[in-house]
Amino acid sequence: MKNTALSTTHEALGAKMVPFAGYNMPVSYEGVNAEHETVRNGVGVFDVSHMGEFLILGANALELIQKVTSNDASKLVDGQAQYSCLPNNDGGIVDDLIVYRLEAEKWLLVVNASNIEKDWNWISSHNSMGAEMKDISENYSLLAIQGPKAVEAMQSLTSEDLSAIKFYTFKVSDFAGIDHVIISATGYTGSGGFEIYCKNSEVKQVWDQVMEAGADWGIKPVGLAARDTLRLEMGYCLYGNDINDTTSPLEAGLGWITKFSKDFINAENLKKEKEHGPQRRLVAFELDERGIPRQGYDIVDGNGKKIGEVTSGTMSPSLGKGIGLGYVPTIMKDIGTKIHVQIRKNAVPATVVKLPFYKG
C-alpha cells in the first residue's frame, strides 16, 4: 500500500484511512454529510495525490494526444485544460482524463489512480510518432481546494488573481510560497475552487498554508467519501462505476467529448454507433420513495423485469433523497420516464431526471 506525502498528516487529523487504488487514503474525517456541506457552502481541501500525471513532450506530442483521446486537443491554447477519454478498440473506454496544454510542445495528462499503469502502457503502445513521455505520478502531489469560498480564502497565498482563472483554465504561478505551481480550475465537485499540482517535497508546506489561510473561512479537510457524493450530485462519471472498458462514450452521454472532426482510436466504429444510436444510455434518476440506490442494484420495469443496473448511487446530502446513475435501454432515457430500483425485496419507484441533481 502506497502512502501520499500527506498520509501521516491525515492520520494526525484523525482521518479514517482506507486502501484506495493502491494508496492509503483518507475516506472521512468528521463524517460524509458534514464534509459534503463544508464544500457546498464554504471551502474544503482534499488530498488527491494518488492521481496519475504524465508529461507528453516534443514536436509530436499533440499528434499522439490527438490519436489516443476522443476530444479535440488542437483547440486548446496555453493555459487551457480539456476533459477527454481514451477510447479502446472495442467501443469502450480505457480511462477518462484531463488534458492540459502547458506549451505547444509540453502537455500534461492527468489520469485515474487505479489506471496509471494501464493508461501508460496503452498510450505508449500507440506512440508510433515518437513523442517523449514521462510518468511523473510518483513525484507530484495534488490538492483540491473546493467550495464557493475557495477564491477569497486562498487569494492571500498567490500573486495570481484567482477570480480570473475560469473553469477549465489554469495558471503556472506562485502559491503558498512555492514557485511554478499549477493552479487549475478543474474541480470535480460542482462548487468551484482549484486544484493545486506541486512536488511531493512541497505539498506539506502548501497544505499547512492552505489550512492557515482558510481558517477564517472555516476550511476543513475532506475525504474521498464526500468527494463521491459531491461528484454524483453533479452527475460526473466515475471510472470503474459509470464508465469502463465496456461502456462507450456515447452510451455514457459523453458525445460532447467525442469529436469526429479528427481521427482517433476506434473513431470509425464510434461514428457508426452515433449514426445508429446507442442501444442503451446512462441516465440520472431520483427515487420517488425512501431508499438508497447502490452500485450493482438492478433497475427493473413495472413488471419487475431487469432492464439495467445502477452504476453509482447514494443518499444525496444536499437533496435528502436517493439519487443514482445507471444504464437503461435508450427508449427509457427521456426525462420523466418511470423506472424502479430493486432494493432488497422492494422495487422502489424512481424517475429519470435532468442533470445535475444539485443546482446550486
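Sequence order sets the numbering: in each chain, residues are counted from 1 along the sequence as written. pLDDT decides what is reported in this predicted model: residues at 70 or higher carry local features, side-chain atom pairs at 80 or more are listed and counted, and totals for whole chains, interfaces and linings draw on all residues regardless. Working from all heavy atoms in the structure, the side-chain values ignore hydrogens and water.

Colleague: I would appreciate a short explanation of the sheet that holds strand β7 (residues 93-103) in the present structure.
Modeller: Backbone-to-backbone hydrogen bonds join strands into a sheet, with any given pair of strands oriented parallel or antiparallel. By this definition, two strands are paired if DSSP reports at least two bridges between them. Helix and strand assignments come from DSSP, with helices taken as H or I runs of at least 4 residues and strands as E runs of at least 2, each series counted from the N terminus. Reading across from one edge, β6-β7-β8-β5-β9 is the order of the five strands in this open sheet, with antiparallel pairing throughout. The open sheet has two edge strands with one neighbour each: β6 (81-87) and β9 (132-135). For this sheet the average axis-to-axis angle between neighbouring strands, irrespective of direction, equals 30 degrees. Relative to β9, strand β5 (residues 52-57) runs antiparallel, the two being bridged by four bridges. Bridge pairing in β9 links Ile-56 to Met-133. Axes here refer to lines fitted to C-alpha atoms; in helices the fit is confined to the stretch in contact. Angles between the N-to-C directions go from 0 to 180 degrees.

Colleague: Where do I start with the pattern of salt bridges in this structure?
Modeller: In a structure, side chains of opposite charge can pair up when their charged atoms sit close to one another. Salt bridge, as applied in this entry: a Lys or Arg side-chain nitrogen positioned within 4 Å of an Asp or Glu carboxyl oxygen. By the definition in use, this model includes 16 salt bridges. For the salt bridge of Glu-138 with Lys-2, the shortest nitrogen-to-oxygen distance reads 2.9 Å. Note that Glu-138 is positioned in the loop between β9 and β10 (140-146) and Lys-2 in strand β1 (residues 2-3), a separation of 136 residues in sequence. One salt bridge in this structure joins Arg-40 and Glu-233, with 3.0 Å as the shortest N-O distance. Of this pair, Arg-40 sits in helix α2 (residues 32-41) while Glu-233 sits in helix α7 (residues 224-234), and the two are 193 residues apart along the sequence. Any residue under 20% of the maximum accessible area for its type is buried, any over 50% is exposed, and the rest in between are partly exposed; the area is computed with a 1.4 Å probe on protein chains only. Exposure remark for Glu-233: the relative accessible area of 0% places this residue in the buried category. Through salt bridges that share partners, Asp-228, Arg-231 and Asp-242 make up one connected network.

Colleague: What exactly am I supposed to notice about the sheet that holds strand β18 (residues 322-329) here?
Modeller: Taken in spatial order, the six strands of this closed barrel run β15-β18-β17-β16-β19-β20, and their pairing is antiparallel. For this sheet the average axis-to-axis angle between neighbouring strands, irrespective of direction, equals 45 degrees. Here strand β16 (residues 298-300) runs beside strand β19 (residues 338-343); their pairing, made up of two bridges, is antiparallel. Residue pairing for β19: Ile-299 is matched across the bridge by Val-341.

Colleague: What should I look at first to understand the pairing of strand β3 (residues 23-28) in this one?
Modeller: The side chains of a regular strand alternate between both faces of the sheet. In terms of burial, β3 is a largely internal element, six of the six residues being buried. Both β1 and β3 contribute to a ladder of two bridges, which runs parallel. Within the sheet, the bridge partner assigned to Lys-2 lies in β3 and is Tyr-23. When strand β2 (residues 16-20) meets β3, the two strands line up antiparallel, connected through five bridges. The residue bridging Met-17 from the neighbouring strand is Pro-26, located in β3.

Colleague: How should I be thinking about α2 in this particular structure?
Modeller: Given 3.6 residues per helical turn, the α-helix brings residues three or four places apart onto the same face. Three or more residues of α2 are buried, namely Glu-35, His-36, Thr-38, Val-39 and Arg-40. Whether two residues touch is decided by their heavy atoms; if any such pair falls within 4.5 Å, the residues are in contact. On the buried face of α2, the contacting elements are β3, β4 (44-47), β10, β14 (220-221) and α7.

Colleague: Looking at this model, I keep getting lost on the nonpolar core. Mind explaining?
Modeller: For soluble globular proteins, the rule of thumb is that nonpolar side chains tend to be buried together. What makes a nonpolar core is a set of buried Ala, Val, Leu, Ile, Met, Phe, Trp, Tyr and Cys residues whose side-chain atoms join them at distances within 4.5 Å. Tyr-100, Leu-108 and Ile-243 are the most contacted members of the largest nonpolar core, which totals 42 residues. In contact with Ile-243, other than residues within four places in its own chain, are Tyr-83, Ile-93, Asp-96, Cys-237, Leu-238, Ala-252, Leu-254 and Tyr-327.

Colleague: Whenever I open this one, the environment of Trp-207 confuses me. Can you help?
Modeller: Within the secondary structure, Trp-207 sits in helix α6 (residues 200-213). Look at Trp-207 and you get buried, because its relative accessible area is 3%. Separated by 162 residues in the primary sequence, Trp-207 and Val-45 have C-alpha atoms spaced 8.6 Å apart.

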